[in-house]
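# Understanding the architecture of this molecule
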Amino acid sequence: MSPNVWYYVRDLDDGRRFYRETLGFEETAVDFTQRWSHLEHGQMEIGLAEGEPQEDGAVAHVDVIDVKAEADRLRGAGVQVGIVFELQGEMRLLDVYDPDGNRIQLAQEL
C-alpha cells in the first residue's frame, strides 16, 4: 500500500530516527539504495524520501490520545511545535515540525 503523505528530508537516516523515536511511527519498509522509507502511526501512513523539503507539501494527520501531553513531551525534547488549538468540545490540534520543517498535525478527538 502506498503512503498517504510523502515528506522530503535532507538526511533519510535522521528523518527515520525522528519519526520512529520521537513521534512513535513504526517503519514498515525501507530502501537504502533508492533512499526512501514507509512508516505508519495508527491509520496514517507516510513516506520519507531523501531530497530537498518542500515548503507547501502535504500534511500528515496523526491521531493521539492526549495532544496537550504530546505538546509538553515534544517541547521538552526540543521539537518545534505550535500551540494547541481546540475546536470547542470536538477536537484538539497541534502542529509539529520535523527537523527539516515538514509539518505534521497531531489530533485528539474530545
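Anyway, here's the lowdown on the structure attached to this text. Keep in mind the model is a prediction, meaning the values are calculated, not measured. (Residues numbered from 1 in each chain as written. Predicted model: local features only at pLDDT ≥ 70, side-chain atom pairs only at ≥ 80, totals over all residues. Heavy atoms only, no water.)

### Remarks on the pattern of salt bridges
Applying the stated rule across the entire model yields 11 salt bridges. Where R10 meets E52, a salt bridge forms, and the shortest distance between an N and an O atom there is 3.2 Å. Of this pair, R10 sits in the loop between β1 (5-9) and α1 (12-22) while E52 is found in the loop between β4 (44-50) and β5 (60-63), placing the two residues 42 residues apart along the sequence. One salt bridge connects R16 with D13, and the closest N-O pair in it is separated by 3.4 Å. (Salt bridge = Lys/Arg side-chain N within 4 Å of Asp/Glu carboxyl O. Helix = DSSP H or I, 4+ residues; strand = E, 2+ residues; numbered from the N terminus.)

### Here we look at the environment of D56
Note on placement: D56 falls in the loop between β4 and β5. With 47 residues separating them along the chain, D56 and R103 place their C-alpha atoms 9.2 Å apart.

### Looking at the environment of E55
Within the secondary structure, E55 sits in the loop between β4 and β5. Assessed through its relative accessible area of 80%, E55 is described here as exposed. Sequence spacing of E55 and H38 is 17 residues, and the spatial spacing of their C-alpha atoms is 21 Å. (Buried < 20%, exposed > 50% of the residue type's maximum accessible area, 1.4 Å probe, protein only.)

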